[in-house]
Amino acid sequence: MTHLTESQLFFDVAVDKPLYQLFTYQYLKDIPLGSRVSIPFGSKKITGIVIQKNTHPKIALNKIKSIEQVLDPTPIFTSEWISLIQFTATYYLYPIGQTFFSTLPVDLKQNKSIQHPKKPLLYQFNAKINDEKPPQARHQALLALWNALKNSFISLDEAIYLHPNAKSYLKKYQTKGLLDTKIENNLSQWQYRTKTLNQEQKTASQAVINHINQFKCFLLFGITGSGKTEVYFELINRVIQEKKQILMLLPVINLTPQFFARVKETFSEANIAVLHSKISKRQRLDNYLNASNGTAQIIIGTRLSIFTPLKNLGLIIVDEEHDDSFKQENDLRYNARDLAIWRAQKNDCPIVLGSATPSLESWYNACQKKYTLLTLTNRAISQSTLPEIHLISTKNKILHEGFSDEVLDQIQKNLSKKELTLVYLNRRGYAPTIVCLDCGHVIECDYCSAKMVYHKQQQRLKCHHCEHEQKIPCACPKCGNQDLTSLGIGTERIEQFLHDFFPTARIARVDSDTIANKNAWTDIYENVLNDEIDILIGTQILAKGHDFKNLSLVTVIHTDGSLFSADYRAPEKLFSELMQVSGRAGRDRTKGQVLIQTQFPDHPLFQALKKHNYPEFAEQQLSERLSLGFPPKSHRIVIKAEHIDFNIAEAFLKELAESIIPEPEVTIIGPLPMTMLKVANRERAILYFESENRGLLHQTVKKAIAQLLSLQNNYRTLKWTIDVDPNET
Ligand code: ADP
Ligand code: ZN
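What counts and how
Residues numbered from 1 in each chain as written. Chains lettered and ligands numbered in written order. Predicted model: local features only at pLDDT ≥ 70, side-chain atom pairs only at ≥ 80, totals over all residues. Heavy atoms only, no water. Core = buried A, V, L, I, M, F, W, Y, C linked by side-chain atoms within 4.5 Å. Buried < 20%, exposed > 50% of the residue type's maximum accessible area, 1.4 Å probe, protein only. Helix = DSSP H or I, 4+ residues; strand = E, 2+ residues; numbered from the N terminus. Contact = heavy atoms within 4.5 Å. Pairing = 2+ DSSP bridges. Axes fitted to C-alpha atoms, helices over the stretch in contact; angles between N-to-C directions. Near = heavy atom within 4 Å. Polar contact = N/O pair within 3.5 Å; in protein donor to acceptor, adjacent residues only side chain to side chain. Areas by Shrake-Rupley, 256 points an atom, 1.4 Å probe, with all protein chains shown as cover. Nonpolar A, V, L, I, M, F, W, Y, C, P; charged D, E, K, R; others polar. Salt bridge = Lys/Arg side-chain N within 4 Å of Asp/Glu carboxyl O. 1 Å grid on protein atoms, 1.4 Å probe; cavity = no way out; pocket = protein on both sides within 12 Å on 5 of 7 lines; lining within 4 Å. Points joined across faces, edges and corners; volume = space filled by probe spheres on them. Domains from an automatic or database assignment. Donors = N, O, S within 2.8 Å, 3.2 Å for Na, K, Ca; no water. Tetrahedral: all angles 85-135°; square planar, octahedral: opposite > 155°, others 65-115°. Phe/Tyr/Trp six-rings, centres within 6.5 Å; stacked < 30°, edge-to-face > 60°. Lys NZ or Arg CZ within 6 Å of the ring centre and 35° of its normal.

1. Description of the nonpolar core
Nonpolar side chains in soluble globular proteins generally cluster together in the buried interior.
Then, number 1: With 120 residues, the main nonpolar core has Phe 100, Leu 536 and Ile 722 as its most contacted residues.
Then, number 2: If you tally residues by element for this core, the top one is helix 20 (residues 694–711), at 7 residues.
Then, number 3: Setting aside anything within four residues of it in sequence, one finds Phe 100 in contact with Ala 14, Ile 49, Ile 51, Trp 81, Ile 82, Ile 85 and Gln 86.
Then, number 4: Counting residues in each nonpolar core, the second largest holds 53 residues, with Leu 149, Leu 178, Phe 233 and Val 239 among its members.

Spelled out as structure tokens, the structure:
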């Protein structure tokens, strides 16, 4: 046994390497846990994070290298944060150091110390603004900036988030003498502007407030427009009073400048930090550091922000908790909603999961009384009622480019009433298939098991699963016949058809092709607000978060694909998607109508949808899942292997499966080909581990990691991943 001198201290350090271990280093002085340090690693100098002290290093002391430098004078990371990341690595079976590093803003990965955020100058309109004319409603971004400046002090960064050209506007306002400035928010002066909550909202928020400072998970189930956001605000207000921080997670698509403006308007003089990939790198780092040092009171972000270090967490809100974007589908495959629950528990604070169509997992937990169910049943604005949903059977009917006569009639009526129609189709491009009329050959992507989608405007075929694009061949690649035709409908084709059918209607198409640049969407949105659009054609991008005052008719064509899909989660996703789109109709004072075309109008999913009855749908889906032993009854972990050659991927998993002795109650199934076999030229095999007992399930796969690591030496060109609680199979 070597002798330890007093001056030798040992630390386990996390490094950004794909290894399931920490590394031991020494230093002459004590270092606070959570410090970033510069260390030698191999022949390089890299960044590490000090995770724990090590009093009994297992390696020879003279082999232990020294930490060269402590990078930050005060650590950015708290012990609570360290345990969160450690838990994440353990639960998602991901290399520990990589887990730490994949949660960090870019600058913190670098091997140098960082500048702490300066206090930014804050701007607000003074009284002179009352003599000025506000921007018109259709200049939405500018109006948001104007309102924010009217209601509270905001920084330049915040202003830019609201309007990209904010800098020049601020200059203009300043020259006109309309602005007051100051350095710091006066937190004792923050204000809360709110609506008077209705009885349901009061009951819901009171239930949470009764459990402030203790862990409890609430499921806030409220139809679209029922005022969930106002309930969140009431809770946020209460938690700020407790001098604690609020972490609010939103799906990527909902974290808009408009939402930020709404928060800003509600909480003037509060310090709000937005964490979003759309804000600048430096701003993001500043916001992260302000969350960590306690300056930021309300932290709003997308899934990655669950990993923000927080000084004093008092409440977590996960809005649209069912949304798939909370699950990361590459590298560290975590689910931010699930981690949020863990984090709330660790911090003894309440967590609120909100949705109009909760995930079946959460609904199940509420039924089991693990979560407390809070319900909002009515729309908050009394004049706005839920739209009527009509099912239009397409059985034995002639369709015109996908449209039934009934739907076309209704669109015509809506046009003559001068009200807005939304035509929803979750499939962009002109046509999903190009087929040879002679031999029946379908043109597929060379790299994926998917059809090439025809984009007419650009005259190209595109794969929607990889980057692959090609010109339209002039003859069938298989038989040489020149009669190729397009089958099926996409948004582009609908647009053309509706143009021909309703020649005077003003039509706009919104999908990821037409709004590739950010301003394109702002322009269309302003046109809509300005009553310059009669028909909007759109994919899922349109289904969420946006309010269109004049929208009274929503038509949904072509939904049946998901009813009988191989993916057991498809009906759940379809129901929630259709509720979302339907929720767009009649948001304001206009009575809304939704027409859904289907071959199967009697399907229980549609019957529940028609009644806006999520609980009925959930009950029927849950009983199906429970009887089949699917999640949430059982839990799953999968190991996926991908290779150019499926046989190799399969052989790898087979060898792995044979080398594992599962714990009792754990079933191993496979290897099987994945539903979508090939993506980006890699063929994919999957091995399932299933059990009702999470502990035993984890133990089994954890033990498999050693085998995986040694086996991979014989399969150098193969890539494997572990996915815990997977969505895609
Ligand atoms: P949700 O988040 O459930 O979709 P919101 O909180 O966005 O609903 O509320 C929908 C609309 O109703 C918003 O325009 C909001 O301002 C309004 N609203 C919500 N609660 C109230 C209330 N208590 N009184 C008046 N208007 C309300
Ligand atoms: Zn492809």
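2. Structural notes on the environment of Gln 98
Then, number 1: If you trace the backbone, Gln 98 turns up in helix 2 (residues 96–102).
Then, number 2: Sequence separation between Gln 98 and Cys 217 is 119 residues; the distance between their C-alpha atoms is 29 Å.
Then, number 3: In this view, Gln 98 contacts Val 15, Asp 16, Lys 17 and Pro 18; residues no more than four positions away in its chain are not counted.

3. A short note on the sheet that holds strand 26 (residues 593–598)
Then, number 1: Taken together, 6 strands build an open sheet; the order of strands is 16-26-25-17-24-23 and the sheet is parallel. Strands with a single pairing partner mark the edges of an open sheet, and in this sheet they are strand 16 (388–393) and strand 23 (507–510). Each strand axis lies, on average, 20 degrees off the axis of its neighbour in the sheet, ignoring direction.
Then, number 2: Sheet topology note: the strand 17 (residues 420–424)/strand 25 (residues 551–556) ladder contains 5 bridges and is parallel.

4. Some points on the site of ligand 1
Then, number 1: Near ligand 1, the surroundings consist of 15 residues, among which Thr 196, Gln 201, Gly 225, Lys 228 and Thr 229 are the closest.
Then, number 2: Between ligand 1 and the protein, one listed contact pairs an oxygen atom with a side-chain N or O atom of Thr 229 at 2.6 Å.
Then, number 3: A distance of 3.1 Å separates an oxygen atom of ligand 1 from a polar side-chain atom of Arg 262.
Then, number 4: Coverage of ligand 1 by the protein chains reaches 78% of its 560 Å² of free accessible surface.
Then, number 5: Ranked by residues supplied to the shell around ligand 1, first place goes to helix 8 (residues 228–241) with 3 residues.
Then, number 6: Classifying every residue of the shell around ligand 1 gives 4 nonpolar, 7 polar and 4 charged.

5. Re the pattern of salt bridges
Then, number 1: For the structure on display, the rule yields 34 salt bridges.
Then, number 2: Salt-bridge contacts for Lys 53 lead to Asp 30; the nearest nitrogen and oxygen are separated by 3.0 Å. In this pair, Lys 53 is assigned in strand 4 (residues 44–53) and Asp 30 in the loop between strand 2 (23–27) and strand 3 (36–41), connecting sequence segments 23 residues apart.
Then, number 3: With a relative accessible area of 48%, Asp 30 lands in the partly exposed category.
Then, number 4: The closest approach of N and O atoms between Glu 80 and Arg 343, which form a salt bridge, is 2.9 Å. You can see Glu 80 sitting in helix 1 (residues 79–91) and its partner Arg 343 sitting in helix 11 (residues 336–346), a full 263 residues away along the chain. Each member of the pair Glu 80 and Arg 343 is classed as buried.

6. Examining empty space enclosed by the protein
Then, number 1: Here the structure, examined in full by the defined rule, presents 2 cavities of 30 Å³ or more.
Then, number 2: Lining of the largest cavity is provided by Ile 223, Thr 224, Ala 356, Leu 386, Pro 387, Met 579, Ser 582, Gly 583 and His 612.
Then, number 3: In this structure, the second largest cavity encloses a volume near 60 Å³.
Then, number 4: Looking at the second largest cavity, the residues that line it are Thr 103, Leu 104, Pro 105, Leu 275, Arg 284, Tyr 288, Leu 304, Ser 305, Phe 307 and Thr 308.
Then, number 5: Here the lining of the second largest cavity is composed, by residue class, of 6 nonpolar, 3 polar and 1 charged.
Then, number 6: Two domains each provide a minimum of three residues to the lining of the second largest cavity, namely domain 1 (9–109) and domain 3 (199–376).

7. Concerning the coordination of the zinc ion (ligand 2)
Then, number 1: Within the protein, the atoms that donate to the zinc ion (ligand 2) are Cys 445 (SG), Cys 448 (SG), Cys 463 (SG) and Cys 466 (SG), at distances of 2.3 to 2.4 Å.
Then, number 2: The coordination sphere of the zinc ion (ligand 2) comprises 4 donor atoms, whose angles at the metal cover 105 to 115 degrees; the geometry is tetrahedral.
Then, number 3: Each donor residue of the zinc ion (ligand 2) lies on one chain, and together they are spaced C-x2-C-x14-C-x2-C. In this pair, Cys 445 is assigned in the loop between strand 18 (433–436) and strand 19 (453–455) and Cys 466 in the loop between strand 20 (460–462) and strand 21 (469–471), connecting sequence segments 21 residues apart.
Then, number 4: The exposure class assigned to Cys 445 is buried, which follows from its relative accessible area of 5%.

8. What to know about the side chain of Ser 582
Then, number 1: Position of Ser 582 among the secondary structure elements: in helix 16 (residues 570–583).
Then, number 2: Here Ser 582 falls in the buried class, since its relative accessible area comes to 2%.
Then, number 3: Non-local contacts of Ser 582, meaning those with residues more than four positions away in its chain, are made with Pro 387, Ile 389 and Val 594.

9. Re helix 11
Then, number 1: Most of helix 11 sits out of view: 8 of its 11 residues are buried.
Then, number 2: Among the residues of helix 11, Ala 336, Arg 337, Leu 339, Ala 340, Ile 341, Trp 342, Arg 343 and Ala 344 are the ones counted as buried.
Then, number 3: Along its buried surface, helix 11 packs onto helix 1, strand 9 (216–222), strand 10 (245–249), strand 13 (313–319), strand 14 (350–355) and helix 12 (360–367).
Then, number 4: Capping the start of helix 11, Asn 335 holds a side-chain oxygen 2.9 Å from the backbone nitrogen of Arg 337, two or three residues further along.

10. Overview of the sheet that holds strand 13
Then, number 1: Taken together, 7 strands build an open sheet; the order of strands is 11-12-10-13-14-9-15 and the sheet is parallel. For this open sheet the edge positions go to strand 11 (272–275) and strand 15 (372–376), each flanked by a neighbour on one side alone. This sheet shows a mean twist of 20 degrees between the axes of neighbouring strands, independent of strand direction.
Then, number 2: Across 6 bridges, the pairing between strand 9 and strand 14 is parallel. Each residue of the ladder has a partner; that of Leu 220, found in strand 14, is Gly 354.
Then, number 3: Packed on one face of the sheet, helix 9 (residues 257–266) meets strand 10, strand 11 and strand 12 (298–301) and runs near 165 degrees to strand 11.

11. Observations regarding the packing of aromatic side chains
Then, number 1: Using the criterion set out here, one finds 27 aromatic pairs in the structure.
Then, number 2: Ring geometry for Phe 77 and Trp 81: centres 4.0 Å apart, planes at 15 degrees, overall stacked.
Then, number 3: The class of Phe 77 is buried, set by a relative accessible area of 3%.
Then, number 4: Each ring, one from Phe 652 and one from Tyr 715, has its centre 5.0 Å from the other, and the planes form 75 degrees; the classification is edge-to-face. One end of the pair, Phe 652, is in helix 19 (residues 646–659); the other, Tyr 715, is in the loop between helix 20 and strand 30 (719–724), and 63 residues separate them in sequence.
Then, number 5: Each residue in the set Phe 221, Trp 363, Phe 575, Tyr 614 and Phe 617 is aromatic and connected to the rest through ring pairs, giving one cluster.
Then, number 6: The ring centre of Phe 630 lies 5.1 Å from the NZ or CZ of Arg 636, which sits over that ring.

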